[in-house]
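# Observations on the model geometry
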Amino acid sequence: MRKIKLALIGAGARGLLAYAPYVRSHPHEAEFVAVAEPDAARRAEAAAQLGLAESQLYDSWEDLLGQPKLCDAVLICTQDRMHFEPTMAALERGYHVLLEKPMSNDPLECVRMAEAADRAGLLLSICHVSRYSAFWQRLKRLLADGAIGEVVSIQHNENVGYLHYAHSFVRGNWRNDKLSSPMILAKSCHDMDLIRWLVDAECTRISSFGSLKHFHIGEAPAGSTERCTDGCAVEATCPYSAPRFYMQTLEENGFAALIATPPTEANRMDAVLHGPYGRCVYRTDNNVVDHQVVNMEFAGGATAMFSMCGFTRDINRIVQIMGTKGEIRGDLLKEEIDLFEFAGGTRSVIATPSGASGHQGGDEGIMRRFLSDLREGNHSRTLTSAQTSLESHLMAFAAEESRLNKGAVVDMGDYKAALLADSAAD
C-alpha cells in the first residue's frame, strides 16, 4: 500500500482533532509532513501530536505552499472565509485537496474551485462527513434498494442543541456571517447535502424563512452584564452561564476543551474572564439565525422540508422519508432506522451503531475514502467531490437569498444560469 504524504493547513478542532487521528492510528496509510498554523500554541501541539520537526512547521499557508511540492495532498481546515485562496493555490501547485465545509461563503468561489479541480484533473473533496457514517450510508442503501419505493417527501430536522448553539453560533467563530458564513452554510450545508443525496434529483425551486429571534440585546434579562463574570444578577439561573458551562470537566463538556490551548482549568477560566466565550449571549456581535426552515421541490415532483433550530435539549438529526411503498423514520442520536413497508404492514427497526466517535464515524470515514481515492486515482465525481457538493452548496445559497427576500421562491435553474454566466464573464 502506497503511503500518502499529507500537509495540514489549519491545526484547529477539525484539522487536528477530527482528521489527524485517523492518520496517527493508520501510519501505514499516510503521514503528515508539514503543518501551517498561525497560532503558536496550536502549531506546537500539532508538532507534538504528529511528530514533526521545527523545519516542518509554517506560520501560514502561503509559506507552506510557497515551498517546492512537499507531498501528495493538503487538508485545508481554516475558517470559512479562508478556504478559497489556499485551495486555488494548492490546486495550482498540483496538490489534491480535502477541504473543510462549507467550500466558501461566496457561490462564485465555489464554482471556481470545482472548475479548477476539473481543469487540473485533481481531487478536491469536501468534508460532508455525514455521508460516510453508518446511519446515513444504511439509509441511502435502503432507498437505493427500493425499500419504500419512490421518494415522495422528506422532513428533516436539525436539532442544534441550546448549548452548542450558544457556544458556536452566539459566542464562537460562526456567530456572524460577515466573519464566517450564514447558518445555512456554516452548520446546515451538511443537511442540504444529505437531502440532495437522498432525493437523488436536481432541486428545481426553493424558499426559506428564519430569523435571529432570541440572542440579541432586546432579550437581555434585567440585571445582566456585558460578561457573565461582571457581577451579572441572573448568572446563577441563566442557562447560558459561561463559568458554569466551561468550567465543567472535559468529559462532561467537550466544548470546554475548545476555548483554550491547553484546556487547563486556569486557561479556561482566563478565557471566560477575557475571551469571547465569557460574553453575555445577549450582548455579542452575533447575527446568524437561531431558527430557519427551507422548502424544496425536486425534478420528478418530490418535496423536502428542512428545519434547523438552536432551541433543543440535545444535538441530533431526525429524518422522516415518505415513499410510494413505505416510510422511514430515522433518529441519528439513537443510531436507529425505523422502516415500515406498506405491503404487508411490516415494520423493521434497524440499528446502525457507528463504533466510532466524530460524526458517528464520518470523520474517520472521509479520511479512509480520501486516501483510498488518491491511491486508486479516483479524482472526480467521488462521493463528496467538489463537483458533487456544488449542487447542495448552491441550494444553501439560494435558500439564504430567499430568506433575505421574505421567503420569495427561487428558481434553481435561473439561479444557477445567472451564477455560471457571472463566472464565465470573469
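What you see is a predicted model, and the numbers here were worked out from it, not measured in a lab.

### A look at the packing of aromatic side chains
One pass over the structure, following the stated rule, counts eleven aromatic pairs. Relative to Trp-136, the ring of Phe-135 has its centre 4.9 Å away and its plane inclined at 85°; by these criteria the two rings are edge-to-face. Chaining the aromatic ring pairs together yields one cluster made of Tyr-162, Tyr-165, Phe-169, Phe-215, Tyr-240, Tyr-282 and Phe-311.

### Structural notes on the domain arrangement of the protein
The assigned domain composition of the protein is domain 1 (4–129), domain 2 (131–215 + 287–424) and domain 3 (217–274). In this structure, domain 1 and domain 2 have C-alpha centres spaced 25 Å apart. Counting residues at the interface gives 40 residues for domain 1 and 47 residues for domain 2. Together, the buried faces of domain 1 and domain 2 total about 3700 Å²; carbon and sulfur atoms form 65% of this surface. For Asp-363, the salt bridge goes to Arg-14, with nearest N and O atoms at 2.8 Å. Taken together, domain 1 and domain 2 are joined by 16 residue pairs in polar contact (both at pLDDT 80 or more). Sort the elements by how many residues they give to the side of domain 1 that touches domain 2 and helix α5 (residues 107–120) lands first, with eight residues. The class makeup of the residues in the side of domain 1 that touches domain 2 is 24 nonpolar, seven polar and nine charged.

### Notes on the sheet that holds strand β11 (residues 316–323)
Whenever strands of a sheet pair, they do so through backbone hydrogen bonds, lying parallel or antiparallel. Taken together, the nine strands give an open sheet; going across it, the order is β14-β13-β12-β11-β7-β10-β9-β8-β15, and neighbouring strands pair in mixed fashion. Both edges of this open sheet fall to β14 (346–351) and β15 (410–411), since each of them pairs with a single strand only. Both strand β9 (residues 291–298) and strand β10 (residues 303–309) contribute to a ladder of seven bridges, which runs antiparallel. Within β10, the position partnered with Val-293 by the bridge is Ser-307. With respect to the sheet, helix α13 (residues 386–404) is in contact with β8 (203–211), β9 and β15, its orientation differing from that of β8 by roughly 50°.

### Here's the deal with the UniProt feature "domain: Gfo/Idh/MocA-like oxidoreductase N-terminal" (unreviewed entry) in the protein
Residues annotated in UniProt with the feature "domain: Gfo/Idh/MocA-like oxidoreductase N-terminal" (unreviewed entry) correspond here to residues 4–126. End C-alpha to end C-alpha, residues 4–126 measures 18 Å, and it is 42% helix and 21% strand.

### Overview of the nonpolar core
Leu-6, Leu-75, Leu-139, Ile-206, Met-296, Phe-298 and Ile-321 are the most contacted members of the largest nonpolar core, which has 123 residues in total. Among the elements that line this core, the one with the most residues is α13, at eight residues. Two domains each donate at least three residues to this core, and these are domain 1 (4–129) and domain 2 (131–215 + 287–424). With near-sequence residues (within four places) excluded, Ile-321 lies in contact with Leu-139, Leu-143, Ile-148, Val-151, Ser-153, Ile-154, Leu-198, Gly-326, Glu-327 and Ile-328. Core analysis: the next-biggest nonpolar cluster, separate from the first, contains ten residues, Phe-245, Ala-256, Ile-259 and Ala-271 among them.

Conventions used here
- Residues numbered from 1 in each chain as written.
- Predicted model: local features only at pLDDT ≥ 70, side-chain atom pairs only at ≥ 80, totals over all residues.
- Heavy atoms only, no water.
- Phe/Tyr/Trp six-rings, centres within 6.5 Å; stacked < 30°, edge-to-face > 60°.
- Domains from an automatic or database assignment.
- Contact = heavy atoms within 4.5 Å.
- Buried area = accessible area lost by both parts, 1.4 Å probe.
- Salt bridge = Lys/Arg side-chain N within 4 Å of Asp/Glu carboxyl O.
- Polar contact = N/O pair within 3.5 Å; in protein donor to acceptor, adjacent residues only side chain to side chain.
- Helix = DSSP H or I, 4+ residues; strand = E, 2+ residues; numbered from the N terminus.
- Nonpolar A, V, L, I, M, F, W, Y, C, P; charged D, E, K, R; others polar.
- Pairing = 2+ DSSP bridges.
- Axes fitted to C-alpha atoms, helices over the stretch in contact; angles between N-to-C directions.
- UniProt positions renumbered as here; feature names shortened; annotations may be inferred.
- Core = buried A, V, L, I, M, F, W, Y, C linked by side-chain atoms within 4.5 Å.
- Buried < 20%, exposed > 50% of the residue type's maximum accessible area, 1.4 Å probe, protein only.

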